[in-house]
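Structure at a glance
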There are 2 protein chains.
Amino acid sequence: MGLGGVAAVSAQASVESITLFVALLSVCIVIGHLLKENRWFNESINALFIGLATGIVLLLTSKGVNSRVMEFNEELFFIYLLPPIIFNAGFQVKKKRFFKNFATISMFGAVGTVISFCIISFGVKVVFEALDMGYFELQDYLAIGAIFSATDSVCTLQVLDQEETPLLYSIVFGEGVVNDATSVVLFNAIQKFDLSNLNMEVAMKFLGSFFSLFITSTLLGVMIGLLCAYIVKELYNQRHSTDQEVALMILMAYLSYMIAQLCNLSGILTVFFCGIVMSHYTLYNMTASAKVTTKHVFATMSFIAETFIFLYVGMDALDIEKWAFASESPGKSIAASAALLGLVAVGRAAFVIPLSLLSNLTKMSKLDEIDYRQQLTIWWAGLIRGAVSMALAYNQFAKSGHTKTPGNAIMITSTITVVLFSTVVFGFLTKHLINTLLPEDVSGCSSQSMATLPLLTSSLESEAEHGNGRGEVPRRLSLQMLLTTPTHVIHQYWRRFDNSVMRPIFGGRGFVVEFVGRSMHERG
Amino acid sequence: MGLGGVAAVSAQASVESITLFVALLSVCIVIGHLLKENRWFNESINALFIGLATGIVLLLTSKGVNSRVMEFNEELFFIYLLPPIIFNAGFQVKKKRFFKNFATISMFGAVGTVISFCIISFGVKVVFEALDMGYFELQDYLAIGAIFSATDSVCTLQVLDQEETPLLYSIVFGEGVVNDATSVVLFNAIQKFDLSNLNMEVAMKFLGSFFSLFITSTLLGVMIGLLCAYIVKELYNQRHSTDQEVALMILMAYLSYMIAQLCNLSGILTVFFCGIVMSHYTLYNMTASAKVTTKHVFATMSFIAETFIFLYVGMDALDIEKWAFASESPGKSIAASAALLGLVAVGRAAFVIPLSLLSNLTKMSKLDEIDYRQQLTIWWAGLIRGAVSMALAYNQFAKSGHTKTPGNAIMITSTITVVLFSTVVFGFLTKHLINTLLPEDVSGCSSQSMATLPLLTSSLESEAEHGNGRGEVPRRLSLQMLLTTPTHVIHQYWRRFDNSVMRPIFGGRGFVVEFVGRSMHERG
């Protein structure tokens, strides 16, 4: 019965911490709602501050012993909190716009992240050796590069608005998802590969596994999404059951993530594409109330998970054990954080500007181009580092939840500093920056032009329309034709394929309506 | 990095088991849907069989070493699976009917459970000492009484239909909720109190703590439900946000359960009444899509939790470690299971019949009485033992997940046997029994009379109506008046109080409409 007592005590402890977290989450929602009109706050910063305040209270009541009720737990983050956020991102994304900007998005998300990773890894190696920061292996430097290449899309998206600045939103959002996946894939690859003797062969293998991961992860997500659409379409066709349909959708979405994790694929990519496929097919096979329910359930779960993460990061930041080393050498700690922040900024600038210019070459209308103010906004919006960076840093430098060597301790505290600083300072300023750089009339106009742009007709026509309307003359026509025609051809083929093959099997918007329409026509 | 490796291995193991469970849950939903038309199966039995089948496969692939992927975990059950089921029960219950039958329900649920508890405890003591089953303390016998007094409402409700047999459904359902709470409260009280020298004083203290628990738990649930209603009404009145409202409701419902657990109250009762209050007030302060979403979210969560429990019980049943002792003395094990099943049946009969007769005394119409066929159905429907019994048995006899003494091992295997046998056999037969005992016309007629009965007008009028319609003559009028008048008076006062005080503060159905109507009237 002795063991039973221990189990009871630990159960009691977990009841306490769950109660505290649930209560704090409720408080976050209420205060976040009250502060909604405030230009300086957003919900992430709000949760972060409530977490910090709770940490201070806990630290004072426990007389400086402990500021957190749970250890930061990677498993909690990667198994329970991240999947709903990413799935919801895929589920709610405006698919047409996402795929229209697909080339730009994947360039920013994949190529850009790799550029940033290289610059940060190299820069950290140079700076840290100059500062004598402690012993790090090559693997550690590369891991730092991957950790600080992961932008925090959650916080950024609370500031940008899908209706006001659609192009920016689409790029920053899409980049965020691809970037998360890229960073995690890079990080896992670094931990797995033996990088002690880096040569051409190892580098090629690394690249190969990187791309095969990308493709298999995406395919897995698409397949599970289609399977779910097929099951709902065939099984519940005659006898609908909202609760069962919703349950099946939630379970299969989560299953896609877990299978990907189990096969060492990128669960983030898998669940993101699963979300896209489910919102394209499965959603339209369900009852009306199941549609409403799923839409809000996924948004709610994602919202709770996001709030939880920021609350948790805020609470965990004050854990004194981690700061013990940092307080011994505060200079080094501050230098490390500053160096990392600088490298993050440089690494991001190094791909946003060249890739934007490259992307502009493919655009037919000057309106669709990413101008220097938008480039600045994209650069700025992606400077925030968040929970993914935290989780990866813990994985690399504090695996058992405790920081062993001074070097590791400094990396953990620097990560917390960068995350807190960037979330609060950049988060505070982003809304103002956007309002300054992209005043209402510019963003409004661009929004309108984007909204009325017939995405599926030939872009030439719309270009002519807009060109006439704004007095623009088409330039670089031959190069544009060369670069944009393939995209349009692919889109045309996809639409035909979707209508004639996919929708009859997997369902989807308009399929039922078309079918009814046709049969009525035949009768007539 | 050694510890890190261990953490990675355990994380990988939990990824595997989560993946397996999520996949099995999806399979359960699909197969359950396919078998819906089948008269012999229901979703509980289906999940139980899929769990058993998976257990067999795991046992064979691991060459007889292990049949389960997780240990049965009380924490999982009481902290994560039970709250959504009970909250949903409160949220979806037909409140008018529930409170109309409140006296009968609480009699069956509280007094009945105590009668059953006494009979089973006493019977087990006699039988087990006769069979020489091993050493048990008085506390163990009382715990067995509490464990086997907990009926499994989940499985029963899948068989009964709220529309077809409303009175039965209401009583069995209500009894199930109050009974769960009573058993858990009894069980906790037994574990806490020193029962070695039982005297009048201890017994009175026991009774006192029992009732104060009941009342404080109920009040806590009501208060948190009202708080949530107030927050949603005041905060989101101007700026609605479906996702935040849904999130707040889920979090505060869960919070009520956790606070109750933390204060050693009955979380089941608290979250049940929180659900009732939320469906009475909070629901009507929300947006239309939030209403649809919450209704289906809670039903879906409850559905997944139920399926999970049966799947898990099925999988856990084959764990060979537990059966080692049982296989040494199979006779004793079978005798114990049979004795328990017999005592469950006797204990239930001992309160269903007398309490039904007592309840009939308060009924004005013969139609509202519980006739002998309905008594038989109530008795039968409550014979099923399920996850609550399992969880309590593990808590008492296998605290650290392992069975130490032969006596404890036999109790665990007997509990599993009783749960499996009653779920499968009684579950199989209940639908048929109901169809035999309460043929379509009888139950249909009773349903109709119940549905058209104006629940809020004086019962005398409706009694006269029905009396005339069916040629019944009112009997025992004076006794009925004496017994039913207080209920009606209370109901009248409550309605007035609700309309004039509660709804203006906390919102609720009709409040907004009435308000608009009045202001339009004033304008006119």
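Conventions used here
- Residues numbered from 1 in each chain as written.
- Chains lettered and ligands numbered in written order.
- Predicted model: local features only at pLDDT ≥ 70, side-chain atom pairs only at ≥ 80, totals over all residues.
- Heavy atoms only, no water.
- Helix = DSSP H or I, 4+ residues; strand = E, 2+ residues; numbered from the N terminus.
- Buried < 20%, exposed > 50% of the residue type's maximum accessible area, 1.4 Å probe, protein only.
- Contact = heavy atoms within 4.5 Å.
- Areas by Shrake-Rupley, 256 points an atom, 1.4 Å probe, with all protein chains shown as cover.
- pLDDT = per-residue confidence, 0-100.
- Phe/Tyr/Trp six-rings, centres within 6.5 Å; stacked < 30°, edge-to-face > 60°.
- Buried area = accessible area lost by both parts, 1.4 Å probe.
- Salt bridge = Lys/Arg side-chain N within 4 Å of Asp/Glu carboxyl O.
- Least-squares fit on C-alpha atoms with pLDDT ≥ 70 in both.
- Axes fitted to C-alpha atoms, helices over the stretch in contact; angles between N-to-C directions.
- Parallel < 35°, antiparallel > 145°, perpendicular 65-115°, else oblique.
- Left-handed = near helix turned anticlockwise from the far one by under 90°.
- Nonpolar A, V, L, I, M, F, W, Y, C, P; charged D, E, K, R; others polar.
- Patch = residues over 30% accessible without salt bridge, like charges linked within 9 Å, V, L, I, M, F, W, Y side chains within 5 Å.
- Expected span 1.5 Å × (residues − 1).
- Disulfide = S-S within 2.5 Å.

Turning next to the overall build of chain A. When you go through chain A residue by residue, the secondary structure sums to 21 helices and zero strands. Looking at chain A residue by residue over its 524 residues, the buried ones come to 55%. Long-range contacts, defined as pairs at least 24 residues apart, comprise 84% of the intrachain contacts of chain A with a sequence gap of at least 6. Summing over all exposed atoms, chain A offers an accessible surface of approximately 22200 Å²; the carbon and sulfur share of this is 67%.

Regions with low pLDDT carry predicted coordinates that are not meant to be interpreted in detail. Residue and element names in this part refer to chain A. For chain A, the mean per-residue pLDDT works out to 77, and 78% of the residues sit at or above 70. No element of chain A has a lower mean pLDDT than helix 19 (residues 459-470), which averages 38, and none a higher one than helix 10 (residues 242-262), which averages 93. Ignoring residues within four places in sequence, the model shows residues 1-9, a span with pLDDT below 50, making three contacts including any to other chains. Complex prediction metrics read pTM 0.82 and ipTM 0.80.

Evaluation of the coordinates by the stated rule reveals 38 aromatic pairs over all chains. With centroids separated by 6.1 Å and ring planes inclined at 45°, the aromatic side chains of A:Trp494 and A:Phe497 adopt a geometry described as tilted. Note that A:Trp494 and A:Phe497 are positioned in helix 20 (residues 477-506) at a spacing of three residues, about one turn of the helix. Classification of A:Trp494 by relative accessible area gives partly exposed; the value is 37%. When its relative accessible area of 39% is taken as the criterion, A:Phe497 is described as partly exposed. With a centroid separation of 6.3 Å and an interplanar angle of 70°, the aromatic rings of B:Tyr230 and B:Phe506 are classed as edge-to-face.

What follows deals with the interface of chain A and chain B. Of the residues lining the interface, 55 residues belong to chain A; the matching set on chain B comes to 55 residues. Roughly 5000 Å² of surface becomes buried between chain A and chain B when both sides are summed, with 72% attributable to carbon and sulfur atoms. If you sort the residues of chain A by the area they bury against chain B, A:His33, A:Arg239 and A:Leu251 come out on top, with a joint share of 13%. The tally of links between chain A and chain B comes to zero salt bridges. Elements supplying a minimum of two residues to the side of chain A that touches chain B: helix 1 (2-34), helix 3 (74-92), helix 9 (200-235), helix 10 and helix 12 (288-316) of chain A.

Comparison of the two chain copies shows a relationship of rotation about an axis with a shift along it. In the superposition of chain A on chain B (RMSD 0.0 Å, axial shift 0.0 Å), the rotation amounts to 180°. Classification of the inter-copy transformation places it as that of a two-fold axis. Of the C-alpha atoms belonging to chain A, the one lying closest to the rotation axis is found on A:Thr293, 2.2 Å away. Most of the interface of chain A is mirrored in chain B: 100% of its interface residues are interface residues there too.

Before going further, it helps to spend a moment on the pattern of salt bridges. Residue and element names in this part refer to chain B. Under the definition given, this model contains ten salt bridges over all chains. As a salt-bridge pair, Arg348 and Glu175 come within 2.8 Å of each other at their nearest N and O atoms. Of this pair, Arg348 sits in helix 14 (residues 330-361) while Glu175 sits in helix 8 (residues 166-192), and the two are 173 residues apart along the sequence. Each member of the pair, Arg348 as well as Glu175, is classed as buried. The salt bridge involving Arg503 is made with Asp498; its shortest N-O contact spans 3.2 Å.

As a further point, take the packing of helix 6 (residues 138-147) of chain B against helix 16 (residues 387-397) of chain B. Packed helices, taken two at a time, are described by the angle their axes make and the gap between the axes. Residues and elements named next belong to chain B. Relative orientation of the contacting elements helix 6 and helix 16 amounts to 165°, with a least axis distance of 9 Å. The angle between helix 6 and helix 16 falls in the class roughly antiparallel. The two elements helix 6 and helix 16 cross, and the hand of that crossing is right-handed. On helix 16, the residues touching Gln139, Asp140, Ala143, Ile144, Ala146 and Ile147 of helix 6 are Ser389, Leu392, Ala393, Gln396 and Phe397.

Attention shifts here to the packing of helix 8 of chain B against helix 16 of chain B. All names here are of chain B. Where helix 8 contacts helix 16, the axes come no closer than 11 Å and their chain directions differ by 5°. Between helix 8 and helix 16, the crossing angle belongs to the class labelled roughly parallel. Residue-level inspection shows Asp180, Val184, Phe187 and Gln191 of helix 8 in contact with helix 16, the latter providing Val388, Leu392, Asn395 and Gln396. Among the residues making up the contact of helix 8 with helix 16, the classes are represented as four nonpolar, three polar and one charged.

Given 3.6 residues to a turn, an α-helix orients residues that are three or four positions apart in the same direction. Among the ten residues of helix 6 of chain B, eight are classified as buried, and the element is accordingly described as predominantly covered. Here the buried face of helix 6 of chain B lies against helix 5 (102-131), helix 8, helix 14, helix 16 and helix 17 (406-437) of chain B.

Let us now look at a nonpolar patch on the surface. Where nonpolar side chains cluster on the molecular surface, the patch consists of A:Tyr230, A:Trp494, A:Phe497, A:Val501 and A:Ile505 and spans about 430 Å² of accessible area. When residues in the nonpolar patch are grouped by element, the largest group, four residues, is from helix 20 of chain A.

Positionally, A:Val313 belongs in helix 12. For A:Val313, a relative accessible area of 3% puts it in the buried group.

Even without being glycine, A:Asn264 reaches a positive phi, approximately 60°. Along the chain, the position of A:Asn264 falls in the loop between helix 10 and helix 11 (267-280).

Note on placement: A:Ile384 falls in the loop between helix 15 (372-381) and helix 16 (387-397). Here the alpha-carbon distance between A:Ile384 and A:Ser422, two residues 38 residues apart in the chain, equals 4.9 Å.

Looking now at the side chain of A:Ser217. Residues and elements named next belong to chain A. Note on placement: Ser217 falls in helix 9. On the basis of relative accessibility, which here comes to 0%, the residue Ser217 falls in the buried class. Those residues within four positions of Ser217 in sequence are excluded, and the remaining contacts are Leu265, Ser266, Leu269 and Thr270.

Looking now at helix 12 of chain A. In this model, helix 12 of chain A (29 residues) spans 42 Å end to end at C-alpha, consistent with the 42 Å of a helix rising 1.5 Å per residue. With respect to burial, helix 12 of chain A is a largely interior element, 23 of its 29 residues being buried.

So, about the state of the cysteines. Residue and element names in this part refer to chain A. Tallying each qualifying case throughout the model produces zero disulfides over all chains. In this structure Cys263 is not part of a disulfide, and its nearest cysteine sulfur, from Cys274, lies 14 Å away. A residue is classified by how much of its surface remains accessible, and Cys263, at 46% relative accessible area, is partly exposed.

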